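Architecture at a glance
One letter stands for each residue in the lines below.
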Amino acid sequence: MLVQQQTIAFSEHSSLYDLIIPKNNLLRKINDLMDFSFIYDELLTKPLWTESP
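These numbers come from a predicted model, not from an experiment. (Residues numbered from 1 in each chain as written. Predicted model: local features only at pLDDT ≥ 70, side-chain atom pairs only at ≥ 80, totals over all residues. Heavy atoms only, no water.)

Examining the overall build of the protein
- Within the protein, the secondary structure is distributed over 4 helices and 0 strands.
- Mapped from its N terminus to its C terminus, the protein presents α and β elements in the order α-α-α-α.
- When the accessible surface of the protein is summed, it comes to about 5000 Å², and 65% of that surface belongs to carbon and sulfur atoms. (Helix = DSSP H or I, 4+ residues; strand = E, 2+ residues; numbered from the N terminus. Areas by Shrake-Rupley, 256 points an atom, 1.4 Å probe, with all protein chains shown as cover.)

Some details on the side chain of Ser37
- Summarising the element assignment, Ser37 is placed in helix α4 (residues 37-45).
- Here the side chain of Ser37 touches Asp35 through a polar contact of 2.8 Å, side chain to side chain. (Polar contact = N/O pair within 3.5 Å; in protein donor to acceptor, adjacent residues only side chain to side chain.)

Some details on the confidence of the model for the protein
- This prediction gives the protein a mean pLDDT of 76; 72% of its residues lie at or above 70.
- Confidence, expressed as mean pLDDT per element, reaches its minimum in the protein at helix α1 (residues 3-7) with 55 and its maximum at helix α3 (residues 26-33) with 88. (pLDDT = per-residue confidence, 0-100.)

A few points about the pattern of salt bridges
- Going through the model one piece at a time under the given rule, you end up with 1 salt bridge.
- Arg28 is the salt-bridge partner of Asp18, the closest N and O atoms lying 3.4 Å from each other. Linking Asp18 in helix α2 (residues 16-20) with Arg28 in helix α3, this pair joins segments that are 10 residues apart in sequence.
- Overall, Arg28 belongs to the buried group, its relative accessible area being 7%. (Salt bridge = Lys/Arg side-chain N within 4 Å of Asp/Glu carboxyl O. Buried < 20%, exposed > 50% of the residue type's maximum accessible area, 1.4 Å probe, protein only.)

Describing a nonpolar patch on the surface
- Together, Leu26, Leu27, Ile30, Leu33 and Met34 give the surface a local cluster of nonpolar side chains, amounting to about 550 Å² of exposed area.
- With respect to the helices and strands, Ile30 occurs in helix α3. (Patch = residues over 30% accessible without salt bridge, like charges linked within 9 Å, V, L, I, M, F, W, Y side chains within 5 Å.)

Listed below in structure tokens is the structure:
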């Protein structure tokens, strides 16, 4: 996993990820290979919600 992904604690149940998801799972491989840090940067500049007009 990438550095930023390793430092974020999503939940106390995130340790189950290693137990439940097989090592050869396609989504696990994608997560290990791709850098999704741009998403965190984008979310920092966006409001969490917008009010209805």
